[in-house]
Structures are given as C-alpha cells and as structure tokens.
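Now for the letters of each chain:
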Amino acid sequence: MTRHTPAFIRARDSNLSIRSMAMEQAMMASRASPVSNDGFNKVDARELKPEAFTKPYCEFMTENPTVFHAVGYFKEKLTKAGYKELSHRDSWIGKLEPGGKYFVTRNGSSIIAFAVGKAYKPGNGAAMIAGHIDALTARLKPTSTKPGNNGYIQLGVAQYAGGLNETWWDRDLSIGGRVIVRDPDTGKTTVKLAKLDWPIARIPTLAPHFGIGMMGRNNRETEAVPIIGLDNSGLSGAATASSEPPLGGAGSFTATQPPKLVKLIASELGVQDYSTILNWELELYDSQPAQVGGLDKEFIFAGRIDDKLCSWAAFMALLHAKHDEDEGVIKVVALFDDEEIGSLLRQGARGNFLPLTVERAVESLADRDGSASFGPGLMGQTFANSFLVSSDVTHAAHPNFTQTNLAEHSPRLNVGVALCVDASAHMTTDSVSMAILDRIASLAGTVNQRHMIRNDSRSGGTVGPMLSAAMGCKAADVGIPQLSMHSIRATTGSLDPGLGLKFYKGFLDNWEKVDKEWRP
C-alpha cells in the first residue's frame, strides 16, 4: 500500500501548478487514446494520467444533466466500443460468448455493462462495480400548470430526495428529461430526450429587508415555486395564457402543462402535433457548466457530482479495461437509478437488476460451454468467486467545519479514493475487503484513503449492503471525496475523476490475480 504521507501530498499538490498542468495536458493531447483502435486496451492502470480525464468529465457533466441523458451517453459510448445491447424481453441463450461485450438497460435510467473474459469458464466469478446516477432534483408535477400570479408564469414541481433545498434559491435552472411521443402514422410509441440549453426557471429569494429568513424556514410547496416567464396581458383586458384553448386539445396531457413550455419542448423534438406528446418526465437542473477552478485549477465545480462522479469513473474504467487472452472473469459495471430515495423501484439497486443480469449471463455462457449444468449451485459458485465494489461519493475533510472531520479518517481531494468504513454496517467494507483493495491500489499505482464518520454524526447509505446481501459476494464501499454533498453545486478535485478511473480499472484488471493470492 502506498501511504498518503505529508510528503506525498505535497508532491502531489506541486504537480498541480498551472504550468505543469498545461504541459501534461499538451503531452496527453499529442498521444493516442489509451484505448486502442480495436477496442482491446493493453494499457496498465499505472500508465494513465489522471489529469487527462478532467476535461472529458466536465464535458460529460455539462452535456448530460439528467439520469436519462447519462444512460444515453453510456449507451452511445458502449456501442462505439463494440458492446452489444441485450433485451430483457428476449432469451439470451446462444447470444453470449467468452470475449463478448454486452449491456442492458432498465427503465432508461439504469444500465449494466459487462465484458466476458476470453478464458471464462462456468463458475468463474465477476469483478463488479456498482453505483448510482440519480441526483437530487425537482421534477415537474403531473399537472405543472399553475394559475397566474402577479404577472408571473410559475411551474409546479416536486422535490426528488432533498431537492429544492436552500442551495436551489436564485440559481439559473433549465429543464430536461424524457418525453413519450406517439407516431400518428405508425402508431408506435417512442421515448425522446429533451434538454433546453438556457436558463428557463428561477426560484427567487425574498430580500432581507422584509425580515423573513431564507435559510431552512421556508415552505417548499408555496415559497419555492419556480418562475418561468411573464404574462401581463391581463392588465389590458386581453386574454391570458390560462384562458387560451389548451394545446393538444381538451383531455390531452399537454393541456395540463404550461403552453409556452409545451411549444418549446415540441420544437426541441421536432413535434408538430402537440397531442402526440403522451407524457413526460422533466426536471429542473442547474444550467451552469461544470468547470475547473482554484489558483492552480485544482478543483472541479459542478452540479450533480453525487453521483455522476464515481459512476462516470467506473464506466470509463470498464472502457479502458484490459481484455487479455487468459482472463477468466466477467467485468461488470452497474449504474442504478433511485439511490437517493431508497433504491426501492425496479430500476433501483434493491430490485433484481444486477443479480438477474449476472444470472442470465451465466446461464447463457453455461449453455454454450456445455460442461456445467445451470442452477443454484453454479450461481452460488459464481457469487462466491466474485467481488463487489460499491462506489458512491464520500465526504472530503472540510476546511471550515473542522469539528465534523475525524482525524486520519477524513479524505482529501486529489489524493485518491477512500475506503469507507461504518461500524454499524451502513457500508460493506471489512478487514478482508480492505486488504484486497489496498493490494489493488498497489498494483494500480493509486492511493487508498480512509473515511469514517465521527460517533456524534450520522452515516449515509450506499447500494453496497443491499447488493452484497442479495448476491452473497465479498464487497467493499469506495468513494471519491467531495465537498458540499447534496448542494445544487458541489466541489471535487480536478484529478479525482482520473484517480477514481485508475483505481477502478486496477480493480477490474487485477481482481482475478488478487483473488488467486487468497486461495490455498
């Protein structure tokens, strides 16, 4: 294990100067991508430069604000890398083979991708990374139209998890999500993604002159209502927007939504007939781009870091993972929806998405191999030979609220991932899994920090306990540090996406090797 001594941290920080950053990025730009043209990556995790992934991560964060856009992004990347999409509705028998690469989605908001080792045999294990891609937000209500209010057009929204908290006031908010559209010619129903690229909404604060506090005392139903436009036509006696005929006709979905918003979304999608918009799941999001900051550009400031940070790093690690001839495990990355609200839905980690995907993959591969009969015994063997890295952001040491930091257990930015420990089992990490992942870090050339909360603080939760319990596999919780968790805009280190990627790639590439070191 490489220890994060003060000397190491000073050396790491010194490499973040503007000059060295510029030189490194220029060098990286002149090199070929670590992923070879045939899609089989031969680069060791040690060789990856964390700073090379800062810009791609910021671009991903800016361009994919909703969970649906994130899944769309991952699907596109996977397809270009030669992964084949599988359907839940079809049999997988005869479709999977050693050396194959596949992905499957659920609800358009969760995705699992996996690569089968070329030397895979039934009963071999899986190296799995699981995280979530949902984030705190405010979603449009089924009827989002609201009566005019002093000339303002307002929008009916509902908080998702802890959305609409105090950090949402006076922010430039845009709107995006998925829209259900029926083709009037074919009768087919499709899902389209929409995203308005400029600020549409704002939740205004009340000036302090009125003597009403704005932090933690406000009614989110009546006082945190976004404004999206103006309509002062009622002053002149003209018809107001609320008195106009509903778009799409009476009884249609679009008749329950603000007409101007319907027109904008329809224009974005190229829809002419408003009645063909059957429904939508739209949400507000902070429209400010993700960007680097700090004197040496050592920070990333962005919305939705929790958790499009660990999920992006894990996904990119899979794309950069090796595919050697002698590899016999299945490399899996599973990204879930609904973690922020308990993971209870079918696209959440408490559903059967990951266990069922592994089970169906093993069933198909066992059928092709013919040397082992598929059943509970084979699945028990598979999970016993597997390891799960539950990956979710964790709290970095705070400079202003030092009373919340626990000595030797509060990770720093731009150092490396943190192994997250909780004595009450809100995390899956134990002594065995910590030793395994410290060994992984030594092979990947990364640093493992430690995170644990104080006894007078409350621990959060991850997808790790529920998934490891469902599958019975060894597991650990790993997090990339960030500041301002659950704020509309948070902070991480500019090297942290790349440091996370290095560690996750090291895990995917070396789990099989490390597991053998634990066998008699």
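What you see is a predicted model, and the numbers here were worked out from it, not measured in a lab.

Cut-off values and rules
Residues numbered from 1 in each chain as written. Predicted model: local features only at pLDDT ≥ 70, side-chain atom pairs only at ≥ 80, totals over all residues. Heavy atoms only, no water. Axes fitted to C-alpha atoms, helices over the stretch in contact; angles between N-to-C directions. Helix = DSSP H or I, 4+ residues; strand = E, 2+ residues; numbered from the N terminus. Left-handed = near helix turned anticlockwise from the far one by under 90°. Contact = heavy atoms within 4.5 Å. Nonpolar A, V, L, I, M, F, W, Y, C, P; charged D, E, K, R; others polar. Core = buried A, V, L, I, M, F, W, Y, C linked by side-chain atoms within 4.5 Å. Buried < 20%, exposed > 50% of the residue type's maximum accessible area, 1.4 Å probe, protein only. Arc of directions from axis to C-beta. Phe/Tyr/Trp six-rings, centres within 6.5 Å; stacked < 30°, edge-to-face > 60°. Lys NZ or Arg CZ within 6 Å of the ring centre and 35° of its normal. Pairing = 2+ DSSP bridges. Disulfide = S-S within 2.5 Å.

(A) Examining the packing of helix 10 (residues 431–444) against helix 12 (residues 496–517) more closely. In the contact formed by helix 10 and helix 12, the axes pass within 8 Å of each other and the chain directions differ by 115 degrees. Regarding helix 10 and helix 12, the two cross each other, and that crossing is right-handed. Between helix 10 and helix 12, the residues in contact are Ile 436, Leu 437, Arg 439, Ile 440, Ala 441, Leu 443 and Ala 444 and Lys 502, Phe 503, Gly 506, Phe 507, Asn 510, Trp 511, Lys 513, Val 514 and Glu 517, respectively. Residues of the contact of helix 10 with helix 12, tallied by class, amount to 10 nonpolar, 2 polar and 4 charged.

(B) Local environment of the nonpolar core. One finds Phe 74, Leu 437, Tyr 504 and Phe 507 to be the most contacted residues of the largest nonpolar core, which totals 61 residues. Among the elements that line this core, the one with the most residues is helix 7 (residues 310–319), at 9 residues. Not counting residues up to four positions away in its chain, the partners in contact with Phe 74 are Phe 60, Ile 111, Ile 133, Trp 312, Phe 315 and Leu 335. In terms of nonpolar packing, the next biggest core, distinct from the first, is built from 34 residues, Trp 92, Tyr 120, Val 463 and Leu 467 among them.

(C) Structural view of helix 3 (residues 54–63). Those residues of helix 3 not exposed but buried are Thr 54, Tyr 57, Cys 58, Phe 60 and Met 61. For helix 3, the angular spread of buried residues about the axis comes to 160 degrees, placing them on one side. For helix 3, the secondary structure elements touched by its buried residues are helix 4 (67–80), strand 11 (291–293), strand 12 (299–302), helix 6 (305–308), helix 7 and helix 12.

(D) Summary view of the packing of aromatic side chains. Evaluated as defined, the whole model comprises 14 aromatic pairs. Each ring, one from Tyr 102 and one from Phe 114, has its centre 5.5 Å from the other, and the planes form 40 degrees; the classification is tilted. Remark: Phe 114 occurs in strand 3 (residues 110–116) and Tyr 102 occurs in strand 2 (residues 101–106); sequence separation between them is 12 residues. Of the two residues, Tyr 102 and Phe 114, neither departs from the other in class, the shared state being buried. Put simply, the rings of Tyr 57, Phe 60, Tyr 73, Phe 74, Trp 312 and Phe 315 pair up and form one aromatic cluster. Directly above the ring of Tyr 160 sits Arg 139, whose terminal nitrogen or CZ lies 4.1 Å from the centroid. Taking NZ or CZ as reference, Arg 360 lies 4.4 Å from the ring centre of Trp 92, over its face.

(E) The arrangement of unusual backbone geometry in detail. That bond from Asp 306 to Asp 307 is cis: its omega, -5 degrees, falls within 30 degrees of zero. With respect to the element layout, Asp 307 can be found in helix 6. The residue Asp 170 is not glycine, and still its phi comes out positive at about 55 degrees. Position of Asp 170 relative to the elements: it lies in the loop between strand 6 (152–160) and strand 7 (173–182). Taking relative accessible area as the criterion, Asp 170 reaches 32% and is therefore assigned partly exposed.

(F) The arrangement of the sheet that holds strand 16 (residues 418–420) in detail. With mixed pairing, the 9 strands of this open sheet are ordered in space as 1-2-3-13-4-14-18-16-17. Both outer strands of the open sheet, strand 1 (84–85) and strand 17 (449–451), are each paired with one neighbouring strand and no more. Where strand 16 lies against strand 17, 3 bridges are found, and the strand directions are parallel. Along strand 17, the bridge assignment pairs Leu 419 with Arg 450.

(G) Representation of the state of the cysteines within the structure. Summed over all chains, the structure comprises 0 disulfides. A disulfide-free cysteine, Cys 310 has its sulfur positioned 8.5 Å from the sulfur of Cys 420, the nearest such atom.

(H) Representation of the sheet that holds strand 7 in the model. Strand order in the open sheet formed by 6 strands is 8-7-10-5-6-9, with antiparallel pairing between adjacent strands. Here the strands that pair on one side only, and so sit at the sheet edges, are strand 8 (189–195) and strand 9 (227–230). Pairwise comparison of adjacent strand axes, ignoring direction, gives a mean angle of 25 degrees for this sheet. Looking at chain direction, strand 7 and strand 10 (residues 277–286) are connected through 9 bridges and run antiparallel. Paired with Ile 175 across the bridge in strand 10 is Leu 284. Sitting on the sheet, helix 4 is in contact with strand 7, strand 8 and strand 10, with an inclination near 105 degrees to strand 8. Along the sheet face, helix 5 (residues 259–269) touches strand 5 (137–145), strand 6, strand 7, strand 8, strand 9 and strand 10 and points at about 105 degrees away from the line of strand 8.

(I) The arrangement of the environment of Ser 424 in detail. Relative to the elements of secondary structure, Ser 424 occurs in the loop between strand 16 and helix 10. On a C-alpha basis, the gap between Ser 424 and Asp 392 in space is 18 Å, while along the polypeptide they are 32 residues apart.

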